[in-house]
Amino acid sequence: MTSADPTPLLPRAVVVLLAMAGAVIVLGGLLASAWLVAPLFLAMVIVIASSPVASWLRQHRVPSWLATTILILLVYAIIIALVAVLVVSIAQLAALLPTYAGRANSLLTEVLSQLARFGVTTTQVKSILSGLNIGSVIGYVGSLLTTATSIGSNVVFVLSLLFFVSLETSTVDARRIAIAVDRPLIAEAVAGFLRDTRRYLVVNTICGLAVAALDTIALMVLGIPLPWLWGVVAFLTNYIPNIGPFLGIVPPALLALLSGGWQLMVIVIAVYLVINFVVQTVIQPRVVGDTIGLSPIVTFLSFVLWGWILGPIGAILAVPMTLLVKALFVDVDPKAGWAHALLTSEQDLPKKS
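The structure presented is a predicted model; accordingly, all values stated were derived computationally and were not measured.

Enquirer: Is there a simple way to explain the overall build of the protein chain in this structure?
Expert: When helices and strands are counted, the protein chain shows 17 helices and zero strands. Going through the 353 residues of the protein chain one by one, you find that 35% of them count as buried. The contacts in the protein chain between residues at least 6 apart in sequence include a share of 74% that link residues at least 24 apart. When the accessible surface of the protein chain is summed, it comes to about 20200 Å², and 74% of that surface belongs to carbon and sulfur atoms.

Enquirer: What am I meant to see in the packing of helix H3 (residues 64-96) against helix H10 (residues 227-237) here?
Expert: In a pair of packed helices, the angle between the axes and the distance between the axes together describe the arrangement. In the contact formed by H3 and H10, the axes pass within 9 Å of each other and the chain directions differ by 130°. Looking at the two axes, H3 sits oblique to H10. Where H3 crosses over H10, the two elements pack in a sense that is left-handed. Between H3, through Leu-82, Val-85, Leu-86, Ser-89 and Leu-93, and H10, the contact on the second element is made entirely by Leu-229, Trp-230, Val-232 and Leu-236. Across the contact of H3 with H10, the residue classes break down as eight nonpolar, one polar and no charged.

Enquirer: Help me understand the side chain of Thr-322 in this model?
Expert: Relative to the helices and strands, Thr-322 resides in helix H16 (residues 318-331). Within the structure, Thr-322 has its side chain in polar contact with the side chain of Trp-306 (distance 3.3 Å). With residues near it in sequence (within four places) discarded, Thr-322 still touches Leu-294, Val-298, Ser-302 and Trp-306.

Enquirer: Sorry, what's going on with H16 here?
Expert: Helical geometry note: an α-helix holds 3.6 residues per turn, so side chains three or four residues apart project in the same direction. With 14 residues, H16 extends 18 Å between its outermost C-alpha atoms, agreeing within 8% with the 20 Å of an ideal straight helix rising 1.5 Å per residue. Residues of H16 that are buried: Ala-318, Val-319, Pro-320, Met-321, Thr-322, Leu-323, Lys-326, Ala-327 and Val-330.

Enquirer: What exactly am I supposed to notice about the packing of aromatic side chains here?
Expert: The geometry of an aromatic ring pair is captured by the separation of the ring centres together with the interplanar angle, meaning the angle of the planes. Counted by the stated rule, this structure contains two aromatic pairs. Judged by centre distance (6.3 Å) and plane angle (45°), the rings of Phe-300 and Phe-303 are tilted. Of the two residues, Phe-300 and Phe-303 are both situated in helix H14 (residues 296-310); the distance of three residues between them amounts to about one turn of the helix. The exposure class of Phe-300 is partly exposed, given its relative accessible area of 32%. Assessed through its relative accessible area of 15%, Phe-303 is described here as buried.

Enquirer: Even after reading the chapter, I still don't get the environment of Ser-89, so can you show me in this structure?
Expert: On the secondary structure map, Ser-89 appears in helix H3. Classification of Ser-89 as buried rests on a relative accessible area of 6%. Separated by 140 residues in sequence, Ser-89 and Leu-229 have C-alpha atoms that sit 5.7 Å apart. When sequence neighbours within four positions are dropped, the list of residues in contact with Ser-89 reads Leu-226 and Leu-229.

Enquirer: Where do I start with the confidence of the model for the protein chain in this structure?
Expert: Regions with low pLDDT carry predicted coordinates that are not meant to be interpreted in detail. Averaged over every residue, the pLDDT of the protein chain is 77; the share at 70 or more is 80%. Low pLDDT, under 50, characterises residues 140-152; the stretch is placed with 13 contacts to residues that sit more than four places away or in other chains.

Enquirer: Even after reading the chapter, I still don't get a nonpolar patch on the surface, so can you show me in this structure?
Expert: There is a patch of nonpolar side chains on the surface, built from Phe-246, Leu-273, Phe-277, Val-278, Val-282 and Ile-283 and spanning about 490 Å² of accessible area. Residue position: Val-278 is located in helix H13 (residues 262-292). The exposure class of Val-278 is partly exposed, given its relative accessible area of 39%.

Enquirer: Explanation requested: the nonpolar core in the structure shown.
Expert: Side chains that are nonpolar tend, in soluble globular proteins, to be buried together. Formed by 29 residues in total, the largest nonpolar core has its most connected members in Phe-193, Trp-306 and Leu-310. Elements supplying a minimum of two residues to this core: helix H2 (34-59), helix H9 (184-222), H14 and H16. Leave out the neighbours within four places in its chain, and Leu-310 touches Leu-30, Ala-34, Val-37, Ala-38 and Met-321.

Enquirer: Any chance you could explain the side chain of Thr-216 here in plain terms?
Expert: Checked against the element boundaries, Thr-216 lands in helix H9. When sequence neighbours within four positions are dropped, the list of residues in contact with Thr-216 reads Pro-227, Trp-228 and Gly-231.

Enquirer: What is the right way to look at unusual backbone geometry in this model?
Expert: Negative phi values dominate among residues other than glycine, just as trans dominates among peptide bonds. The residue Arg-61 is not glycine, and still its phi comes out positive at about 65°. Of note, Arg-61 is situated in the loop between H2 and H3. Not every positive phi belongs to a glycine, and Leu-226 is a case in point at roughly 55°. Relative to the helices and strands, Leu-226 is located in the loop between H9 and H10.

Definitions and cut-offs
Residues numbered from 1 in each chain as written. Predicted model: local features only at pLDDT ≥ 70, side-chain atom pairs only at ≥ 80, totals over all residues. Heavy atoms only, no water. Helix = DSSP H or I, 4+ residues; strand = E, 2+ residues; numbered from the N terminus. Buried < 20%, exposed > 50% of the residue type's maximum accessible area, 1.4 Å probe, protein only. Contact = heavy atoms within 4.5 Å. Areas by Shrake-Rupley, 256 points an atom, 1.4 Å probe, with all protein chains shown as cover. Axes fitted to C-alpha atoms, helices over the stretch in contact; angles between N-to-C directions. Parallel < 35°, antiparallel > 145°, perpendicular 65-115°, else oblique. Left-handed = near helix turned anticlockwise from the far one by under 90°. Nonpolar A, V, L, I, M, F, W, Y, C, P; charged D, E, K, R; others polar. Polar contact = N/O pair within 3.5 Å; in protein donor to acceptor, adjacent residues only side chain to side chain. Expected span 1.5 Å × (residues − 1). Phe/Tyr/Trp six-rings, centres within 6.5 Å; stacked < 30°, edge-to-face > 60°. pLDDT = per-residue confidence, 0-100. Patch = residues over 30% accessible without salt bridge, like charges linked within 9 Å, V, L, I, M, F, W, Y side chains within 5 Å. Salt bridge = Lys/Arg side-chain N within 4 Å of Asp/Glu carboxyl O. Core = buried A, V, L, I, M, F, W, Y, C linked by side-chain atoms within 4.5 Å.

This is the structure we're talking about:
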């Protein structure tokens with residue numbers, strides 16, 4: 001076979017199978033090393049989102065070492081404050097839930113007695129009652145509190161990673177220019193990943209803060225316990241594609257049921273739907289879709305995949321992870337236009353003539 005022969009060395013089916021096998025091996029490696037990859041990527045995304053602050057300081061003649069120090073301290077303060085709010089709020093929730101034990105059990109008894117009128121036997125009702133009680137919920141919250149209080153070591157690990165990753169922010173532009181000399185497509189793909197990730201995080205953060213503030217105010221007006229905790233939960237779940245808004249509804253709705261009955265629960269759900277559905281499901285996906293160029297089905301599948309591989313951090317950072325994979329394996333290859341067409345949003349597809 002001569003060098004001018006365009007025939008591939010291997011059949012296309014074999015190439016596809018080898019690529020799929022390689023992908024399985026890589027995903028398996030990521031799954032086994034999720035304890036390291038997840039916090040490392042979290043640290044990288046945080047630095048990507050906050051690096052414009054250091055760049056702005058350098059442009060205004062602030063020494064590079066001082067700009068990096070300010071960036072690190074700013075990120076540390078935000079993370080520590082967020083973790084503190086979560087730990088304190090979960091501790092308050094663990095202390096609050098036992099006061100609703102009687103109310104929860106009476107509600108379960110009432111519901112199951114109504115089911116008995118539709119053919120559910122007394123034995124079945126007792127079996128269900130034995131498995132559904134507020135004690136199991138309290139035990140779960142207690143374990144959650146233990147996890148939250150032991151998260152300190154993980155936070156220290158993430159903060160350590162942030163320190164070392166942040167030290168490299170001053171050399172990113174120089175490294176990208178050096179790469180562009182030899183591999184311009186790689187430099188362009190990396191620049192696109194950084195740009196799209198920042199845009200995605202900015203849009204999600206703004207929308208998340210707006211939704212969290214509105215949810216917190218509404219819950220305070222309605223008298224739902226721990227409104228600040230549910231506001232933080234709404235903010236964090238805002239980063240989870242597609243189903244995040246609905247995950248944030250469940251805890252305050254259940255507390256509304258326990259504290260004020262089903263009428264208050266319906267009101268809470270309605271308020272959340274008005275706020276969360278309009279902002280996060282109607283407005284935000286269109287803005288984010290125009291910003292990052294990923295189709296809705298790709299964002300949902302990315303949530304499923306990265307949530308399975310990297311856990312909760314993977315679910316929250318599913319879109320940036322997908323953008324990184326797209327940059328490394330699609331944007332750098334001029335022949336991967338077909339893959340770009342499968343991944344991109346409707347707005348970025350070629351218009352029909």
